[in-house]
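If you want the building blocks of each chain, they are given just below.
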Amino acid sequence: TAWAAAFKGEGHRNLVSRRWLDYGPWRLIRAPNDTSFIELHSLDVPDDVAFQQAFEALKILGLSSTGGYIPHRLPARQHLAHPELYTHYDATARQLIVPVHGRPLEPTELLEACIARRFYDGPEDGIDQVTFVFLEEDNARRHLFDLWLRDLGCRAIIDGREVDLLQDYEPPPPTKPDWVKQAQDLDGR
């Protein structure tokens, strides 16, 4: 069972965002030289417990539609589940704008937005941001945390104006498994 993972400097770009590291069921240690060290399971537990802890961590950190790891290659647009991501590009802001009306966002759509931001292959210069613009405020608010966690934009049309809902957003504090809390209490990290 893998027991750790690490990201250094530009290696963090292989994640949907750096925020992802703070919210997983793992122990995060920030080290010198822009290094993030992730302990995936407790080191002093039986193998079956370690496997279960690591399995849960890798599911969230890993390469899946709900995971935080970005694949190294961008699939061709015709193979994306959500090619509509590429339909509204604001060249001045270097931003993809994704309108959302009457539907929930799917995990694959959020991952593809992060992939597009990382590996955009269009004729324009590149993408600094992907922003979802919701026509219904309540739908936007249901997705705030997921968008914030991935460092994606979230706007809603409220009283005829486009409002940035992340401007004053306060995310909930991370929750950690007991084994992480115990390890942090032992060494103060």
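Residues numbered from 1 in each chain as written. Predicted model: local features only at pLDDT ≥ 70, side-chain atom pairs only at ≥ 80, totals over all residues. Heavy atoms only, no water.

**Regarding the packing of aromatic side chains**
A complete count under the given rule lists 6 aromatic pairs for this structure. With a centroid separation of 5.7 Å and 65° between ring planes, the pair formed by Trp3 and Phe37 is classed as edge-to-face. In this pair, Trp3 is assigned in the segment before β1 (4–8) and Phe37 in strand β3 (residues 35–39), connecting sequence segments 34 residues apart. Here the aromatic residues Tyr23, Phe145, Trp148 and Tyr169 are joined through ring pairs into a cluster of three or more. (Phe/Tyr/Trp six-rings, centres within 6.5 Å; stacked < 30°, edge-to-face > 60°. Helix = DSSP H or I, 4+ residues; strand = E, 2+ residues; numbered from the N terminus.)

**Focus: the sheet that holds strand β2 (residues 27–31)**
Spatial ordering of the open sheet is given by β1-β3-β2, a layout of 3 strands whose pairing is antiparallel. A strand with exactly one partner marks an edge of an open sheet, and here the two such strands are β1 and β2. Strand-to-strand twist across the sheet, computed as the mean angle between neighbouring axes with direction ignored, equals 20°. Taken together, the 5 bridges between β1 and β3 define a ladder with antiparallel strand orientation. Among the inter-strand pairings, Ala6 is bridged to a residue of β3, identified as Phe37. The sheet strands contacting helix α5 (residues 178–187) are β2 and β3, and the helix crosses β2 at an angle near 40°. (Pairing = 2+ DSSP bridges. Axes fitted to C-alpha atoms, helices over the stretch in contact; angles between N-to-C directions. Contact = heavy atoms within 4.5 Å.)

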